[in-house]
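Now for the letters of each chain:
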Amino acid sequence: MRIPVMEIFGPTIQGEGMVMGQKTMFVRTAGCDYSCSWCDSKFTWDGTGTSVSKQPTEIVEELIQTGGKAFSHVTISGGNPALHKGIGELVDLCHLQGWKVAVETQASLWQEWMIEIDDITLSPKPPSSGMKTDVTKLDVFIEKLQNANVSLKVVIFDEIDFAYAEKLHQRYPAVPFFLQTGNEDTATTDDLQLVTTLLHRYEQLIDYHIQSPIMNDAKVLPQLHTLVWGNKRGV
Ligand SMILES: C[S@@+](CC[C@H](N)C(=O)[O-])C[C@H]1O[C@@H](n2cnc3c(N)ncnc32)[C@H](O)[C@@H]1O
Ligand SMILES: Nc1nc2[nH]cc(C(=O)O)c2c(=O)[nH]1
Ligand code: SF4
Ligand SMILES: [Mg+2]
């Protein structure tokens with residue numbers, strides 16, 4: 001089953017969440033059922049980007065062509081990869097190659113192939129995104145993935161977002177929880193200014209984290225790739 005692919009790139013490092021620093025290839029799929037105000041990958045769903053429909057076998061070939069032998073991990077992101085049933089076949093093919101597979105999703109749509117993912121990051125969206133979380137849906141995800149290597153990652157822009165994250169962490173105390181700095185200027189090419197702003201926001205997020213008795217077991221991280229490469233695409 002074909003998958004609409006926006007970009008295939010790497011090897012690079014996973015810049016976010018529970019496997020930060022892991023060398024990985026990326027497969028970015030097209031389309032999203034959300035439209036977050038601050039989405040840093042809007043080109044996957046706002047009509048400004050072009051996707052190519054590919055068979056899972058073609059994607060594996062392209063991964064090998066692009067990354068050679070210098071990788072053993074593939075991250076599937078988007079958009080929302082959960083829109084595409086064909087990813088199940090891609091995951092199986094990656095596993096046959098001996099690669100581990102990670103997925104990034106907002107946990108709005110379930111697919112059975114999620115059970116097979118080695119590192120699955122659920123990233124429910126805080127109020128600043130303009131999206132609303134259906135926690136009963138999230139409950140089902142957490143239940144179905146209870147034996148998987150799953151984590152929750154919430155992007156924080158303000159105190160209201162932080163309070164939202166606290167509620168979620170209290171609801172799922174056993175799930176590794178990551179707070180992530182929000183990037184408010186996803187278009188600038190002024191890397192020096194961007195890094196300064198992002199580090200300030202990270203410091204602010206650390207302050208919230210430190211003061212919260214609810215977040216004692218959560219981890220607070222920046223987006224490492226934006227600190228290294230700014231808003232550049234394909235890294
Ligand atoms: C582009 S999304 C694609 C996967 C999926 N749609 C999701 O949101 O989880 C990948 C990750 O980037 C995060 N993200 C998107 N825009 C961001 C921004 N402006 N600042 C920080 N993180 C952002 C999302 O919250 C998500 O965790
Ligand atoms: N290096 C790097 N790490 C990432 N982690 C999550 C990403 C994403 O856009 O989903 C991403 C990305 O685009 N690049
Ligand atoms: S859910 Fe993810 S890809 Fe979709 S709009 Fe939000 S951040 Fe962007
Ligand atoms: Mg990104």
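Residues numbered from 1 in each chain as written. Chains lettered and ligands numbered in written order. Predicted model: local features only at pLDDT ≥ 70, side-chain atom pairs only at ≥ 80, totals over all residues. Heavy atoms only, no water.

**Student:** Describe the pairing of strand 5 (residues 100–105), and please don't skip the residues or the numbers.
**Tutor:** Strand 5 sits mainly inside the fold: five of its six residues count as buried. Relative to strand 5, strand 4 (residues 73–77) runs parallel, the two being bridged by four bridges. Paired with Ile 76 across the strands is Val 103, a residue of strand 5. As for the winding sense of the linkage, the β-α-β connection from strand 4 through helix 2 (residues 87–96) to strand 5 is right-handed. (Buried < 20%, exposed > 50% of the residue type's maximum accessible area, 1.4 Å probe, protein only. Helix = DSSP H or I, 4+ residues; strand = E, 2+ residues; numbered from the N terminus. Pairing = 2+ DSSP bridges. Right-handed = clockwise from strand over helix to strand, strands pointing away.)

**Student:** Let's hear about the nonpolar core: which residues, and what values?
**Tutor:** Core analysis: the biggest nonpolar cluster contains 47 residues, and Leu 63, Val 74, Leu 122, Phe 177 and Leu 179 have the highest contact counts within it. Other than its neighbours up to four places away in sequence, Phe 177 contacts Leu 152, Val 154, Ala 165, Leu 168, His 169, Met 215, Ala 218 and Lys 219. (Core = buried A, V, L, I, M, F, W, Y, C linked by side-chain atoms within 4.5 Å. Contact = heavy atoms within 4.5 Å.)

**Student:** Tell me about the site of ligand 2, and name the residues and values.
**Tutor:** Near ligand 2 you find Phe 9, Ile 13, Gln 14, Gly 15, Glu 16, Phe 26, Arg 28, Ser 77, Glu 104, His 225 and Val 235, and these make up its full shell. Here Gly 15 contributes a backbone N or O atom positioned 3.0 Å from a nitrogen atom of ligand 2. One of the side-chain nitrogen or oxygen atoms of Ser 77 is found 2.6 Å away from an oxygen atom of ligand 2. Elements supplying a minimum of two residues to the shell around ligand 2: strand 1 (3–13) and strand 2 (23–29). (Near = heavy atom within 4 Å. Polar contact = N/O pair within 3.5 Å; in protein donor to acceptor, adjacent residues only side chain to side chain.)

**Student:** Any chance you could break down the UniProt feature "binding site: S-adenosyl-L-methionine" (unreviewed entry) in the chain for me, citing the residues and the numbers?
**Tutor:** Under the feature "binding site: S-adenosyl-L-methionine" (unreviewed entry), the UniProt entry names Trp 38, Cys 39, Asp 40, Gly 79, Ser 123, Pro 124 and Lys 125. Inspection of the secondary structure assignment puts Cys 39 in the loop between strand 2 and strand 3 (52–54). For Cys 39, a relative accessible area of 16% corresponds to the buried category. Among residues more than four places away in sequence, those in contact with Cys 39 are Trp 45 and Thr 186. By secondary structure assignment, the location of Pro 124 is in the loop between strand 6 (119–122) and helix 3 (135–144). When its relative accessible area of 1% is taken as the criterion, Pro 124 is described as buried. Look past the residues within four positions of Pro 124 in its chain and what remains in contact with it is Gln 106, Thr 133, Leu 138, Leu 152, Lys 153, Val 154, Tyr 164 and Leu 168. (UniProt positions renumbered as here; feature names shortened; annotations may be inferred.)

**Student:** Lay out the pattern of salt bridges in plain terms, naming residues and giving numbers.
**Tutor:** Side-chain pairs of opposite charge can arise where the charged atoms are in close proximity. According to the stated counting rule, one finds eight salt bridges in the structure shown. The salt bridge involving Asp 139 is made with Arg 171; its shortest N-O contact spans 2.8 Å. A residue pair is termed long-range when its members are at least 10 positions apart, and Asp 139 in helix 3 and Arg 171 in helix 4 (residues 159–171) qualify at 32 residues. Exposure remark for Asp 139: the relative accessible area of 27% places this residue in the partly exposed category. You can call Arg 171 partly exposed: its relative accessible area is 41%. Linked by salt bridges that have partners in common, Glu 7, Arg 28 and Arg 233 make up one network. (Salt bridge = Lys/Arg side-chain N within 4 Å of Asp/Glu carboxyl O.)

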